[in-house]
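Listed here are the chains, written in short residue letters.
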Amino acid sequence: MPGVVGSAAADYSSSDSLGTSAAQTRSAAVEDLIRQDPGRFRVLTGDRPTGQLHLGHYFGTLHNRVRLQDLGVEMFVLIADYQVLTDRDVADHLVEHVEGLVLDYLAIGIDPDQSTVFAHSAIPALNQLLLPFLSLVSVAELGRNPTVKDEIAHSRQSAVSGLMFTYPAHQAADILFCKANLVPVGQDQLPHLELTRSIARRFNDRYGTGAGLFPEPDALLSDAPLLLGTDGTKMSKSRGNAIALAASADETARLIRGAKTDADRHITYDPVNRPEVSSLVLLAALCLGRDPHQIADDIGNAGAATLKNTVSEAVNEYLAPIRARRKQLAQDRGLIRQVLREGNERATAVADATLTDVRAAMNSVY
Ligand code: ATP
Ligand code: MG
């Protein structure tokens, strides 16, 4: 969507303090490197099975995943099932959500022959990396992490668990078990990725692994690093403000009709001062492959109701083929199981090899 890239990304980056601007600049440089030589990259990316994937996922990271895969970049797609328990006591509907994630991946174009889809609970050697990695971070560092703070603020638990606190170190294990050097993420994940880079660097320094056992992975941000939900905060599976990829066209229209806007009837694209209206304009722009400023100009004084109709039509039209494919794939549960079984096997072999390297570097081969 070339018309969208510059404007949307730049406007969003100026409105936050998470280092998004630097990450956008770096993402652009990485895009050049990918075009030159996709074979030098290995991607780790993933989602928590806490609900259905939504438009924030799609335009924040899923679209990039498929694009990278189709460029020939090797990819690991993680279902972060242990991490469901970071902010709740029980992982409800876990099987349903895991299978739903796999369905969404297949429906949007993830090809299990090219990309490894796996669940981290099924990979013992991956989880074992957490222990040496935890020794490389301080408690204060974990406590300062803005994503951890935000997730604690939205947690369903009254007390912060050790799992929540160590979430970023676990994520480092998720990324580094396959020595991934590229991670397509939304803006909320940037602090976690920064910690992963520190852990990789510190491991290499402390255990003298020369050229480096672990790469320092780059984040790859999309044109929509922070899509807002219907309540005007980050669209999230767990916050009841999301439009699921698998929703029906009617439900999509209903949810968009109820989205928060503001009192100004004249529609503009101004993410800093009008985040809710601008996120809707951006959504239409992404679906239509148009510039968000032009979409806002076209609607002008016609107001929020017209904007919402435009967004609903654009989203429903964009998602129609994905939704149709998803329905068809859902008939074949055996396929979903097979994708996971094969993915878990491939990820296990990779994790075992990395753990062997880690043990050798740490002098713990007995
Ligand atoms: P939960 O509320 O359960 O944490 P979530 O909607 O935040 O769910 P995650 O599984 O935590 O989804 O995130 C998966 C990936 O999607 C991450 O890379 C994250 O940055 C990205 N992502 C999630 N929500 C958005 C959003 N609203 N805009 C852009 N990217 C997003
Ligand atoms: Mg999240």
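Since the model is a prediction, treat every value here as computed from it, not as a measurement.

Caption draft 1: Structural view of the pattern of salt bridges. For the structure shown, the criterion picks out 21 salt bridges. The closest approach of N and O atoms between Arg-88 and Asp-87, which form a salt bridge, is 2.9 Å. Accessibility assignment for this pair places Arg-88 and Asp-87 in one class, buried. Note that Arg-326 is salt-bridged to Asp-104, the shortest N-O span being 2.6 Å. On the criterion of sequence distance, the pair formed by Arg-326 in helix α15 (residues 303-329) and Asp-104 in helix α4 (residues 94-108) is long-range, its members being 222 residues apart. A single network of salt bridges, built from pairs that share partners, joins Arg-26, Glu-194, Arg-197, Arg-201, Glu-216 and Asp-218.

Caption draft 2: Summary view of the nonpolar core. Among the nonpolar cores identified, the biggest contains 60 residues, and Leu-55, Ile-79, Tyr-105 and Val-117 are the most heavily contacted of them. Per-element accounting of this core gives the leading share, nine residues, to helix α13 (residues 275-288). Mapping this core onto the domain boundaries places at least three of its residues in each of domain 1 (17-224 + 333-361) and domain 2 (249-329). What Ile-79 contacts, discounting residues up to four positions off in sequence, is Asp-47, Pro-49, Val-98, Leu-101, Val-102, Tyr-105, Val-117, Phe-118, Ala-119, His-120 and Leu-340. With 41 residues, the next largest nonpolar core counts Ile-123, Ala-125, Ala-169 and Phe-214 among its residues.

Caption draft 3: Highlighting the environment of Gly-60. Tracing the chain through its elements places Gly-60 in helix α3 (residues 55-70). Placed 160 residues apart in sequence, Gly-60 and Leu-220 show a C-alpha to C-alpha distance of 9.7 Å. Sequence-distant contacts of Gly-60, that is, excluding residues within four places in its chain, are made with Leu-55, Val-185, Ser-222 and Ala-224.

Caption draft 4: Local environment of the site of ligand 1. In the vicinity of ligand 1 lie 22 residues, with Thr-50, Asp-188, Lys-234, Lys-237 and Ser-238 positioned nearest. Interatomic distance of 2.6 Å between a side-chain N/O atom of Lys-234 and an oxygen atom of ligand 1. The side chain of Lys-237 places a nitrogen or oxygen atom 2.6 Å from an oxygen atom of ligand 1. When isolated, ligand 1 has an accessible area of 600 Å², and the protein chains bury 96% of it. The greatest single-element share of the shell around ligand 1, amounting to four residues, is contributed by α3. Looking at the shell around ligand 1 residue by residue, the class counts come to six nonpolar, eleven polar and five charged.

Caption draft 5: Representation of empty space enclosed by the protein in the model. Evaluated as defined, the whole model comprises one cavity of 30 Å³ or more. Reported here for the largest cavity is a volume of approximately 100 Å³. Forming the boundary of the largest cavity are Leu-228, Gly-229, Thr-230, Gly-232, Met-235, Ile-243, Ala-259, Lys-260, Glu-276, Ser-279, Leu-280 and Leu-283. The residue inventory of the lining of the largest cavity, partitioned by class, reads six nonpolar, four polar and two charged.

Caption draft 6: Representation of unusual backbone geometry. Residue His-93 is not a glycine yet carries a positive backbone phi of 50 degrees. Relative to the elements of secondary structure, His-93 occurs in the loop between β2 (74-79) and α4. In this structure, Lys-179 takes a positive phi of about 55 degrees despite not being glycine. Topologically, Lys-179 is positioned in the loop between α10 (167-176) and β4 (182-184).

Caption draft 7: View of the packing of α10 against helix α11 (residues 190-206). At a minimum axis separation of 9 Å, α10 and α11 run at an interaxial angle of 65 degrees. Taken as axis vectors, α10 and α11 run roughly perpendicular relative to one another. Considering only the axes of α10 and α11, their crossing is right-handed. On α11, the residues that touch Tyr-167, Pro-168, Ala-169, Gln-171, Ala-172, Ile-175 and Leu-176 of α10 are His-192, Leu-193, Leu-195, Thr-196, Ile-199 and Ala-200. Among the residues forming the contact of α10 with α11, the class breakdown is ten nonpolar, three polar and no charged.

Caption draft 8: Fine view of the confidence of the model for the protein. Residues at a pLDDT of 70 or more form 95% of the protein, whose mean pLDDT is 92. Note on residues 1-18: pLDDT under 50 across the span, and 45 contacts to partners over four residues away in sequence or across chains.

Caption draft 9: Main features of the side chain of His-192. Locating His-192 in the fold gives a position in helix α11. Ignoring sequence-local partners within four residues, the contact set of His-192 consists of Asn-145, Thr-147, Val-148, Glu-151, Tyr-167, Pro-168 and Gln-171.

Caption draft 10: Structural view of the side chain of Ser-236. Tracing the backbone through its elements, the reader meets Ser-236 in the loop between β5 (218-220) and α12 (249-257). Taking the relative accessible area as the measure of exposure, Ser-236 reaches 6% and is therefore buried. With residues near it in sequence (within four places) discarded, Ser-236 still touches His-54, Asn-241 and Ala-242.

Caption draft 11: Summary view of the pairing of β2. Counting buried positions over the six residues of β2 gives five, a clear majority of the element. The parallel pair strand β1 (residues 42-47) and β2, bridged by α3, forms a crossover whose chirality is right-handed. Since β2 and strand β3 (residues 115-119) lie parallel, the crossover through α4 that links them has a hand, and here it is right-handed.

Scoring rules and cut-offs
- Residues numbered from 1 in each chain as written.
- Chains lettered and ligands numbered in written order.
- Predicted model: local features only at pLDDT ≥ 70, side-chain atom pairs only at ≥ 80, totals over all residues.
- Heavy atoms only, no water.
- Salt bridge = Lys/Arg side-chain N within 4 Å of Asp/Glu carboxyl O.
- Buried < 20%, exposed > 50% of the residue type's maximum accessible area, 1.4 Å probe, protein only.
- Helix = DSSP H or I, 4+ residues; strand = E, 2+ residues; numbered from the N terminus.
- Core = buried A, V, L, I, M, F, W, Y, C linked by side-chain atoms within 4.5 Å.
- Domains from an automatic or database assignment.
- Contact = heavy atoms within 4.5 Å.
- Near = heavy atom within 4 Å.
- Polar contact = N/O pair within 3.5 Å; in protein donor to acceptor, adjacent residues only side chain to side chain.
- Areas by Shrake-Rupley, 256 points an atom, 1.4 Å probe, with all protein chains shown as cover.
- Nonpolar A, V, L, I, M, F, W, Y, C, P; charged D, E, K, R; others polar.
- 1 Å grid on protein atoms, 1.4 Å probe; cavity = no way out; pocket = protein on both sides within 12 Å on 5 of 7 lines; lining within 4 Å.
- Points joined across faces, edges and corners; volume = space filled by probe spheres on them.
- Axes fitted to C-alpha atoms, helices over the stretch in contact; angles between N-to-C directions.
- Parallel < 35°, antiparallel > 145°, perpendicular 65-115°, else oblique.
- Left-handed = near helix turned anticlockwise from the far one by under 90°.
- pLDDT = per-residue confidence, 0-100.
- Right-handed = clockwise from strand over helix to strand, strands pointing away.

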